[in-house]
Amino acid sequence: MEVDDTDMVAWDTNDDLDMHRSEDNEGASLDNQRCPLCEGLIGHEYVRCDWECKTLYHLSCVGLKTPPTKTWCCKTCLADVPHWKGPISWIPVGSTFKKLEDCAQDYLHRSPQSGIHGHTIVGVFSIVLTGRHNGDDDNGEVFKFTGQNGRGFLPSIGQSFTGNNLALARSCAAPINPEGAEPRNWRQGNPIRVIRWIEYLHQYRYEGIYKITRYWREMGEQGYMVYKYEFERDDDAPPLPYNAGKDIDEEEWKAWE
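Quick caveat: nothing in here was measured; it's all calculated off a predicted structure. (Residues numbered from 1 in each chain as written. Predicted model: local features only at pLDDT ≥ 70, side-chain atom pairs only at ≥ 80, totals over all residues. Heavy atoms only, no water.)

1. Things to note about the overall build of the protein
The helix and strand tally for the protein stands at 4 helices and 11 strands. Considering only intrachain contacts with a sequence separation of at least 6, the fraction spanning at least 24 residues in the protein is 55%. Put simply, the protein shows about 13500 Å² of open surface, and 46% of that area lies on carbon and sulfur atoms. (Helix = DSSP H or I, 4+ residues; strand = E, 2+ residues; numbered from the N terminus. Contact = heavy atoms within 4.5 Å. Areas by Shrake-Rupley, 256 points an atom, 1.4 Å probe, with all protein chains shown as cover.)

Shown next as structure tokens:
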């Protein structure tokens, strides 16, 4: 499925959302203000939604340990921000989902019918590894990801450098090049949320933030040129147990939990 750019606003970074920030209530008293999630009084450990609502939340209620240094949106307002890059504070690494539609409802992956959610101008926000087509040489913390055929695909030409393939390349911290590129510092690339199908759990699992370390063209197994993207994990949370696409050991998973 190709990226649909219709009616989509291109945010270069989450900080570009600052243009929507309001100064309303910035200096308002915290007296008698309550967190809408637990209904407890707001104390000193709180975060304010930077979008329209300006609601205050306890840090712990939204999955934060310290106040964020960058723009933060609550779950309600995030529904109006289609291009959110990076982690979502209330969805910890290791969260599981029975269906991709559940990921979409939590804004983790907003394209449940596609393995890639991205924008050709901004880059990719999240991908899904199914283990069937798009995730090869997968050892958990590093994997290779195959691009998409897209609209008007012709085997004689191979995958085109458009749509989600271009969006993936734009997420890499290297100059755009249809033949491929490798950045000097891959950690400067876009943070991409990765969701992986875990056979042992029979569920999708949020693996954390990954970044693209390089991309290139090569002859695919089906006899036409494809784009390949190498991802490496770049997340503060510990990596999850994973056994190269096979079922993980039950005791190993319980130990992690």
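What follows picks up the thread again.
2. A word on the side chain of N190
With respect to the helices and strands, N190 occurs in the loop between strand 8 (180-181) and strand 9 (192-198). For N190, the side chain forms a polar contact with the main-chain oxygen of V122, separated by 3.1 Å. Those residues in contact with N190 that sit more than four places away from it in its chain are K85, V122, G123, V124, R170, S171, Y210 and K211. (Polar contact = N/O pair within 3.5 Å; in protein donor to acceptor, adjacent residues only side chain to side chain.)

3. Describing helix 3 (residues 163-170)
Among the 8 residues in helix 3, 7 count as buried, and that is most of the element. What helix 3 keeps buried is the set G163, N164, N165, L166, A167, L168 and A169. At its buried positions, helix 3 is contacted by strand 4 (116-119), strand 5 (123-129), strand 7 (142-146), strand 10 (203-219) and strand 11 (225-233). (Buried < 20%, exposed > 50% of the residue type's maximum accessible area, 1.4 Å probe, protein only.)

4. As for unusual backbone geometry
In this model, K54 sits at a positive phi of 60°, which is unusual for a non-glycine residue. By the secondary structure assignment, K54 is in the loop between strand 1 (46-48) and strand 2 (56-58). Note on K54: relative accessible area 6%, which makes it buried. In this structure, Y107 is a non-glycine residue whose phi angle is positive, near 65°. With a relative accessible area of 18%, Y107 lands in the buried category.

5. Quick notes on the environment of A169
Following the sequence through the fold, A169 ends up in helix 3. A relative accessible area of 0% places A169 in the buried class. If sequence neighbours within four positions are ignored, A169 has contacts with F161, I176, Y215 and Y229.

6. Concerning the packing of aromatic side chains
What characterises a pair of aromatic rings is the spacing of the ring centres plus the angle enclosed by the ring planes. Scanning the model with the defined rule gives 9 aromatic pairs in all. With a centroid separation of 5.3 Å and 35° between ring planes, the pair formed by F161 and Y227 is classed as tilted. Taken together, the positions of F161 in the loop between strand 7 and helix 3 and Y227 in strand 11 put the pair 66 residues apart, joining distant regions of the chain. Each of the two residues, F161 as well as Y227, counts as buried. With 4.9 Å between their ring centres and 65° between their planes, W197 and Y204 make a pair best called edge-to-face. Here Y204 falls in the buried class, since its relative accessible area comes to 14%. An aromatic cluster of three or more residues is present, and its members are F143, F145, Y210 and F231. The ring of W216 is capped by R214, whose NZ or CZ atom sits 4.1 Å from the centre of that ring. (Phe/Tyr/Trp six-rings, centres within 6.5 Å; stacked < 30°, edge-to-face > 60°. Lys NZ or Arg CZ within 6 Å of the ring centre and 35° of its normal.)

7. A closer look at the pairing of strand 7
The buried count for strand 7 comes to 4 of 5 residues, which makes it a mostly enclosed element. Bridge count between strand 7 and strand 11: 5 bridges; the pairing is antiparallel. Counted as the bridge partner of K144 is E230 from strand 11. (Pairing = 2+ DSSP bridges.)

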